[in-house]
Amino acid sequence: PWSHLFVAPAGCRLVQLPPVVKRGRDYQPLQMGVDLEQALAIRANQMVSILEGFSPDLLIVDNVPCGLRGEMLPALSRLGQTGRTRIVLALRDVLDLPERTHWEWLAAGAKEALGRFYDEVWVMGEPADARSLSELPGMSGVRVRVCGRIGLGGEDFRSVGLDASGRWPSSKLPRLLVSGGGGGDASPLVRAFVEMLASLRPRVESRIVLGPDFPQKGTESIRGNRALVARVDSFVPNLPAVMSGADVVVAMAGYNSICEIESLGKRSVLVPRIWPREEQWIRACRQRRAGLAEVIPPRELEPLRLWQSIESALARPAPPPRHHRGAERAAVCAAELLDRSAGTALKGALAS
């Protein structure tokens with residue numbers, strides 16, 4: 001629902017499907033008066049219409065081979081009949097506990113979909129991630145390419161300047177950025193940070209970016225807290241630019257957050273989600289084992305523990321920035337896949 005907050009690149013048209021959000025283990029549409037089955041039917045029909053009209057050379061499906069509860073299958077079937085479109089599944093570094101993902105893929109028919117529709121799988125992670133994901137149903141029958149994590153080039157976050165209200169103060173105090181990601185389940189983290197500032201009064205400069213899905217009531221209570229000495233934003237269109245000026249980033253452990261933290265070489269304190277999926281917990285533990293982050297289990301989150309973790313992060317040197325090249329490698333994979341497709345089509349035409 002927040003697509004309007006971003007500026008699409010030149011030559012790119014963004015088509016918004018009726019948004020469906022995850023609440024615990026269930027999903028629900030945001031549109032009033034529409035139940036989930038109706039929303040999924042609308043989405044499925046819209047995908048068929050859009051993709052048939054556009055007739056893409058390449059379709060990249062994010063993370064879920066069949067879409068939510070099979071909503072992509074009609075569109076995949078139509079595209080498969082034409083034989084024109086190359087179809088790729090893009091996966092993050094980790095999805096969940098392997099056994100849980102294995103069961104979900106079997107139940108959703110992912111094995112059949114991979115074998116029938118997909119040309120390649122691109123893993124936006126490391127070789128070890130690809131080896132783990134290779135055990136999922138259907139993965140053995142499709143070409144898997146390891147691209148690496150998606151990173152930030154220097155101009156990716158510096159090209160959009162911050163106005164005066166968005167810049168960090170010029171004081172020498174440590175700068176702490178709290179990012180709620182999308183914000184839907186970031187309330188415990190933000191509340192603990194606000195309580196930490198109020199009760200311990202550390203000498204720091206703080207910024208809080210709640211996330212566009214942060215609960216409205218929680219936003220009002222935080223903004224109405226006159227004792228809070230921190231800048232609070234619901235959304236920042238160029239968050240990496242703000243992050244680049246921080247000494248410590250306090251965040252959950254979503255894929256994008258970790259990629260940005262690593263690309264900028266930032267010390268971090270992570271409070272990952274552990275339910276309904278353990279994706280963030282797995283990712284955060286990897287960061288801790290590599291000495292890149294302090295990690296607080298959600299059940300142990302409280303103001304003093306949070307400040308102690310921030311102090312620990314401030315006491316160690318910042319890690320060097322990591323140049324993740326996942327986007328560049330994915331572009332190369334796309335070009336090679338389309339080149340092979342064009343060559344196959346030409347050979348067929350010559351043969352006939």
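To be clear, the structure that these remarks concern was listed above.
Values in this document were obtained by computation on a predicted structure and should not be read as measured data. (Residues numbered from 1 in each chain as written. Predicted model: local features only at pLDDT ≥ 70, side-chain atom pairs only at ≥ 80, totals over all residues. Heavy atoms only, no water.)

### Some remarks on the overall build of the protein
Here is the rule we go by: A run of H or I in DSSP counts as a helix once it spans at least four residues, and a run of E counts as a strand once it spans at least two, with each numbered from the N terminus. As a reference, a globule follows 2.2 Å times the number of residues to the power 0.38, and the radius of gyration itself is taken over C-alpha atoms. When a residue's accessible area, from a 1.4 Å probe over protein chains only, is under 20% of the maximum for its type it is buried; when over 50% it is exposed; and in between it is partly exposed. For this analysis, residues touch if any pair of their heavy atoms sits within 4.5 Å. Computed by Shrake-Rupley with a 1.4 Å probe, the accessible areas treat only the displayed protein chains as cover when residues are assessed. Positive charges come from Lys and Arg alone, negative charges from Asp and Glu alone, with His and the N- and C-terminal ends not counted. To locate a charge, take NZ of a lysine, CZ of an arginine, CG of an aspartate or CD of a glutamate.
In terms of helices and strands, the protein carries 13 helices and 12 strands. Computed over C-alpha atoms, the radius of gyration of the protein comes to 22 Å, within 12% of the 20 Å expected from 2.2 N^0.38 for 352 residues, which places it in the range of a compact globule. Along the first, second and third principal axes, the C-alpha set of the protein runs to 75 × 50 × 40 Å. Every one of the 352 residues in the protein was classed for burial, and the buried ones make up 45%. Nonlocal contacts in the protein, meaning residues at least 24 apart in sequence, comprise 72% of its contacts between residues at least 6 apart. For the protein, the accessible area works out to roughly 18300 Å², and carbon and sulfur atoms hold 54% of it. Looking at charge distribution, the protein has the averaged site of its 45 positive side-chain charges lying 2 Å from that of its 38 negative ones.

### A few points about the nonpolar core
This is how it is decided: Nonpolar cores are built from buried Ala, Val, Leu, Ile, Met, Phe, Trp, Tyr and Cys residues. Side-chain atoms within 4.5 Å join them into one set.
Counting residues in hydrophobic clusters, the biggest one holds 28 residues, and the most contacted among them are Phe 193, Leu 306 and Ile 310. Counting residues per element, this core draws most heavily on helix α7 (residues 187–200), at seven residues. Setting aside residues no more than four positions away along its own chain, Phe 193 makes contact with Leu 176, Val 178, Ser 206, Ile 208, Leu 306 and Ile 310. One finds Leu 59, Ile 87, Leu 89 and Leu 136 within the second-largest nonpolar core, a separate group that totals 27 residues.

### Thoughts on the sheet that holds strand β6 (residues 143–146)
The condition is simple: Paired strands, in this sense, are two strands between which DSSP finds at least two bridges. Axes here refer to lines fitted to C-alpha atoms; in helices the fit is confined to the stretch in contact. Angles between the N-to-C directions go from 0 to 180 degrees.
As summarised here, the arrangement of the four strands in space is β3-β4-β5-β6, forming an open sheet in which the pairing is parallel. For this open sheet the edge positions go to β3 (58–62) and β6, each flanked by a neighbour on one side alone. Looking at each pair of strands side by side, their axes are set apart by 25° on average, direction ignored. Sheet analysis places strand β4 (residues 86–91) next to strand β5 (residues 120–123), joined by four bridges and oriented parallel.

### Some points on the environment of Ala 313
As for its position among the elements, Ala 313 is in helix α12 (residues 303–315). Separated by 58 residues in the primary sequence, Ala 313 and Tyr 255 place their C-alpha atoms 20 Å from one another. Once residues lying within four places of it in the same chain are set aside, the contact partners of Ala 313 are Val 248, Arg 267, Ser 268, Val 269 and Glu 294.

### Some thoughts on the packing of helix α1 (residues 36–54) against helix α2 (residues 73–82)
Note the following rule: Note on angle classes: values under 35 degrees are labelled roughly parallel, values over 145 roughly antiparallel, values of 65 to 115 roughly perpendicular, and the remainder oblique. For any pair of crossing helices, the crossing counts as left-handed if the nearer helix is rotated counterclockwise from the farther one by less than a right angle, and right-handed if it is rotated clockwise. All amino acids are sorted into three groups, where Ala, Val, Leu, Ile, Met, Phe, Trp, Tyr, Cys and Pro are nonpolar, Asp, Glu, Lys and Arg are charged, and the leftover types, Gly among them, are polar.
Their axes nearest at 8 Å, the elements α1 and α2 cross at an angle of 25°. Classified by the interaxial angle, the pair formed by α1 and α2 is roughly parallel. Viewed along their axes, α1 and α2 form a crossing whose handedness is right-handed. Of the residues in α2, those touching α1 at Met 47, Val 48, Leu 51 and Glu 52 are Pro 74, Ala 75, Arg 78 and Leu 79. Across the contact of α1 with α2, the residue classes tally to six nonpolar, no polar and two charged.

### A look at the packing of α7 against α12
Between α7 and α12, the shortest axis-to-axis distance is 8 Å and the interhelical angle comes to 90°. The angle between the axes of α7 and α12 places the two elements in the roughly perpendicular class. Residues Ala 192, Phe 193, Glu 195, Met 196, Ser 199 and Leu 200 of α7 pack against Pro 303, Leu 304, Leu 306, Trp 307 and Ile 310 of α12. Considering only residue class, the contact of α7 with α12 consists of nine nonpolar, one polar and one charged.

### What to know about the environment of Trp 103
With respect to the element layout, Trp 103 can be found in helix α3 (residues 98–108). Among the residues examined, Trp 103 registers a relative accessible area of 59% and is labelled exposed. For Trp 103 and Pro 137, which are 34 residues apart along the polypeptide, the C-alpha to C-alpha distance reads 8.8 Å.

### Examining the sheet that holds strand β8 (residues 205–209)
Sheet architecture is open: six strands sit in the order β9-β8-β7-β10-β11-β12, paired in parallel fashion. With partners counted over all chains shown, the strands left at the sheet margins are β9 (231–233) and β12 (294–295), one partner each. Two elements, strand β11 (residues 267–270) and β12, share two bridges in a ladder whose sense is parallel. Considered in β12, the bridge of Leu 270 is made with Val 295. In the packing of α12 onto the sheet, the strands contacted are β7 (175–179), β10 (248–251), β11 and β12, and the crossing angle to β11 comes to about 160°.

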